[in-house]
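Survey of secondary and tertiary structure
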Amino acid sequence: HLFDLLRDWWQRNNYRVLDDSRHSSTDMYLWVENNQDGFRVALQSNDNGELFITASSPCVWPHGHPEPSS
């Protein structure tokens, strides 16, 4: 399965899993972060058979993540 293959590849290539949610065979979400540079990548599927991949850069925030709101 694609999610398993990507999870394994990411873990072998210095990424850690932040979230792995698999509610059904079509409703899945996998979110990882690179341990070295802080880049995050997410893979998501939905019940319509669509697949989405998104990424975020630590360059957006000075410390690699959003500051907590007060």
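Now for a description of the structure that goes with this document. (Residues numbered from 1 in each chain as written. Predicted model: local features only at pLDDT ≥ 70, side-chain atom pairs only at ≥ 80, totals over all residues. Heavy atoms only, no water.)

Observations regarding the pairing of strand E3 (residues 40-45)
Counted residue by residue, E3 has five buried out of six residues, so it is predominantly covered. Bridge count for strand E2 (residues 28-34) against E3 is five bridges, and the pairing is antiparallel. Directly across from Glu33, in E3, lies its bridge partner Arg40. Linking two consecutive strands that pair antiparallel, namely E2 and E3, is a turn of five residues; a positive phi of about 80° is found at Gly38 within it. If you look at the hairpin formed by E3 and strand E4 (residues 51-56), you'll find five residues sitting between the two strands, and Gly49 has a positive phi there, around 80°. (Buried < 20%, exposed > 50% of the residue type's maximum accessible area, 1.4 Å probe, protein only. Helix = DSSP H or I, 4+ residues; strand = E, 2+ residues; numbered from the N terminus. Pairing = 2+ DSSP bridges.)

As for the packing of aromatic side chains
With the rule as written, the count across this model stands at one aromatic pair. When the centroid spacing of 6.3 Å and the interplanar angle of 45° are considered together, the rings of Trp10 and Tyr15 count as tilted. Residue classification places Trp10 among the buried positions, given a relative accessible area of 6%. Residue Tyr15 is classed as buried on the basis of its relative accessible area, which comes to 17%. (Phe/Tyr/Trp six-rings, centres within 6.5 Å; stacked < 30°, edge-to-face > 60°.)

A word on the sheet that holds E2
Strand order in the open sheet formed by four strands is E1-E2-E3-E4, with antiparallel pairing between adjacent strands. Lying at the two open borders of the sheet, with one neighbouring strand each, are strand E1 (15-22) and E4. This sheet shows a mean twist of 10° between the axes of neighbouring strands, independent of strand direction. Alignment of E1 against E2, held across seven bridges, turns out to be antiparallel. In the strand pairing of E2, Arg22 is matched with Met28. On the sheet, helix H1 (residues 2-12) packs against E1, E2, E3 and E4 and is oriented at approximately 160° with respect to E1. (Axes fitted to C-alpha atoms, helices over the stretch in contact; angles between N-to-C directions. Contact = heavy atoms within 4.5 Å.)

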